[in-house]
Amino acid sequence: MDSYSGNEIMVDLHVHTTCSDGTDKPEDVVKLASLKGLSLISITDHDTVAGLNRALSAGKLYGVDVIPGIEVTADTSMLPESAEFHVLGYFINPTAPSMLELVDFFSKSREERNRILVERLEKEGFDISYDELEKLFGKNFGKPNIVTVLVKKHVVSSRKSAFALLKKFKVKRKKLDYREIFRLIKEAGGIPVLAHPCTLKLECSELYSFIASLKKEGLEGVEVIHSDHTPSMVVNFKEIAKDLGLYTTGGSDYHGYNKPDIDIGMLKIKLEDLNFGVLAGV
């Protein structure tokens, strides 16, 4: 990372591209970040590193530092039914054997889930096919991409109703235990960080204990600022991270028009709002 002066370093450390379920190409995301006045971003596509080299090259072109990252979905069997458990990995080496192992596992898992889900939709009479989705979005497409097609074809009236439709089929993909994810990220030279802890669906006391147990297994940071976090959540998550000696990160979770209410850089996060600067070379 470059060395910065001053404290107006604007960052967004949670960004998705067309390589997973975003709608902007990696180079276009970096260009947009530059136009928004961001100095530092991280590309954190779901379970893939396919767009990192393109983003890093674009970063040099547009004067934006890009942290190579990933967002990985962990098993939630120990959490409430509606919970989501995602792990961000920062500063990963995308060509490390452990990262290739992780990406291969999730590529197969996602493809299996997608084929079953689309097959169920077709059997219900919905105008959609796996081939058209793969042609539009590539092999690593996600539920937001399926939703986009359903809404565009007026199969459903809104993205909310489309997600509800997909949920009805109860098709889940295979996931890894979080300890295995931590191991694979660390072996790739990365730093595992808990993404948007609000989605764990835990009460404050339970959340503290859970994050403390994650630290014992290798967690190194918490995403404290996120587009789904209320101001009180941000304060609480920062206190937990400080007490446990964990890094703090933050990002919008930008997906382009797949999440139309979220814009890159919209949270106006300054690097000084986080204790991540030492890792970014500041």
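As a reminder, the structure under discussion sits directly above these lines.
Residues numbered from 1 in each chain as written. Predicted model: local features only at pLDDT ≥ 70, side-chain atom pairs only at ≥ 80, totals over all residues. Heavy atoms only, no water.

K.L.:
Quick question: what am I supposed to make of helix H7 (residues 178-187) here?
P.N.:
In an α-helix, one full turn covers 3.6 residues, which means residues spaced three or four apart are oriented alike. Where H7 is concerned, the buried positions are Tyr 178, Ile 181, Phe 182, Leu 184 and Ile 185. Down the axis, H7 shows its buried residues gathered within 170° of arc, on one side only. Packed against the buried residues of H7 are strand E3 (65-73), strand E4 (86-90), helix H3 (97-123), strand E5 (191-194) and helix H8 (204-216). Backbone geometry just downstream of H7 places Gly 189 in the positive-phi region, at approximately 80°. (Buried < 20%, exposed > 50% of the residue type's maximum accessible area, 1.4 Å probe, protein only. Helix = DSSP H or I, 4+ residues; strand = E, 2+ residues; numbered from the N terminus. Arc of directions from axis to C-beta. Contact = heavy atoms within 4.5 Å.)

K.L.:
Looking at this structure, I do not really get the nonpolar core. What am I missing?
P.N.:
Ile 41, Phe 85 and Ile 211 are the most contacted members of the largest nonpolar core, which totals 68 residues. Residue contacts for Ile 41: discarding those within four places in its chain leaves Asp 12, Leu 13, Val 29, Val 30, Ala 33, Val 64, Asp 65, Val 66 and Ile 67. Counting residues in each nonpolar core, the second largest holds 18 residues, with Ile 146, Val 147, Val 149 and Leu 165 among its members. (Core = buried A, V, L, I, M, F, W, Y, C linked by side-chain atoms within 4.5 Å.)

K.L.:
Can you help me understand unusual backbone geometry in this one?
P.N.:
Generally, phi is negative for residues other than glycine and the peptide bonds are trans, each holding for most cases. Phi is positive for His 154, close to 60°, though the residue is something other than glycine. In this structure, Asp 253 is a non-glycine residue whose phi angle is positive, near 70°. Mapped onto the secondary structure, Asp 253 falls in the loop between strand E7 (247-251) and strand E8 (269-270).

K.L.:
Can you help me understand the packing of aromatic side chains in this one?
P.N.:
Two descriptors summarise a pair of aromatic rings, namely the distance from one centre to the other and the angle between the planes of the rings. Enumeration according to the criterion identifies nine aromatic pairs in this entry. A ring pair is formed by Tyr 90 and Phe 276, whose centres lie 5.4 Å apart and whose planes are at 65°; its orientation type is edge-to-face. On the criterion of sequence distance, the pair formed by Tyr 90 in strand E4 and Phe 276 in the segment after E8 is long-range, its members being 186 residues apart. For the pair shown, Tyr 90 and Phe 276 are each scored as buried. Ring geometry for Tyr 178 versus Phe 210: centroids 6.4 Å apart, planes at 65°, classification edge-to-face. Of this pair, Tyr 178 sits in helix H7 while Phe 210 sits in helix H8, and the two are 32 residues apart along the sequence. Side by side, Tyr 178 and Phe 210 carry an identical accessibility label, which is buried. One residue, Arg 115, lies across the ring of Tyr 130, its end atom 3.9 Å from the ring centre. (Phe/Tyr/Trp six-rings, centres within 6.5 Å; stacked < 30°, edge-to-face > 60°. Lys NZ or Arg CZ within 6 Å of the ring centre and 35° of its normal.)

K.L.:
How should the packing of H3 against H7 be read in this particular structure?
P.N.:
Two packed helices can be described by the angle between their axes and the distance between those axes. At a closest axis distance of 7 Å, the pairing of H3 and H7 adopts a crossing angle of 140°. On the basis of their axis angle, the class for H3 and H7 is oblique. Classified by chirality, the crossing of H7 by H3 is left-handed. The segment H3 lies against H7, with Ser 98, Met 99, Glu 101 and Leu 102 engaging Glu 180, Arg 183, Leu 184, Ile 185 and Glu 187. In terms of residue class, the contact of H3 with H7 is made up of four nonpolar, one polar and four charged. (Axes fitted to C-alpha atoms, helices over the stretch in contact; angles between N-to-C directions. Parallel < 35°, antiparallel > 145°, perpendicular 65-115°, else oblique. Left-handed = near helix turned anticlockwise from the far one by under 90°. Nonpolar A, V, L, I, M, F, W, Y, C, P; charged D, E, K, R; others polar.)

K.L.:
Can you walk me through the layout of surface pockets in this structure?
P.N.:
If a probe the size of a water molecule is rolled over the atoms, the empty space left behind becomes visible. The volume enclosed by the largest pocket comes to roughly 1,400 Å³. Around the largest pocket sit 37 residues that line it, and Ser 82, Glu 84, His 86, Lys 143 and Phe 163 are the ones nearest its centre. Going through the elements one at a time, E3, H3, helix H5 (143-152) and helix H6 (159-169) are the ones with two or more residues in the lining of the largest pocket. Broken down by element, the residue count for the lining of the largest pocket peaks at five residues, all from H6. (1 Å grid on protein atoms, 1.4 Å probe; cavity = no way out; pocket = protein on both sides within 12 Å on 5 of 7 lines; lining within 4 Å. Points joined across faces, edges and corners; volume = space filled by probe spheres on them.)

K.L.:
For this particular structure, what's the right way to read the packing of helix H4 (residues 130-137) against H5?
P.N.:
Packing of H4 against H5 brings their axes to within 11 Å, and their N-to-C directions diverge by 110°. Compared by their axis directions, H4 and H5 come out roughly perpendicular. Contacts from Glu 132, Leu 133, Leu 136 and Phe 137 in H4 reach Asn 145, Ile 146 and Val 149 in H5. Here the contact of H4 with H5 is composed, by residue class, of five nonpolar, one polar and one charged.

By themselves, these are just geometric observations and shouldn't be taken as functional.
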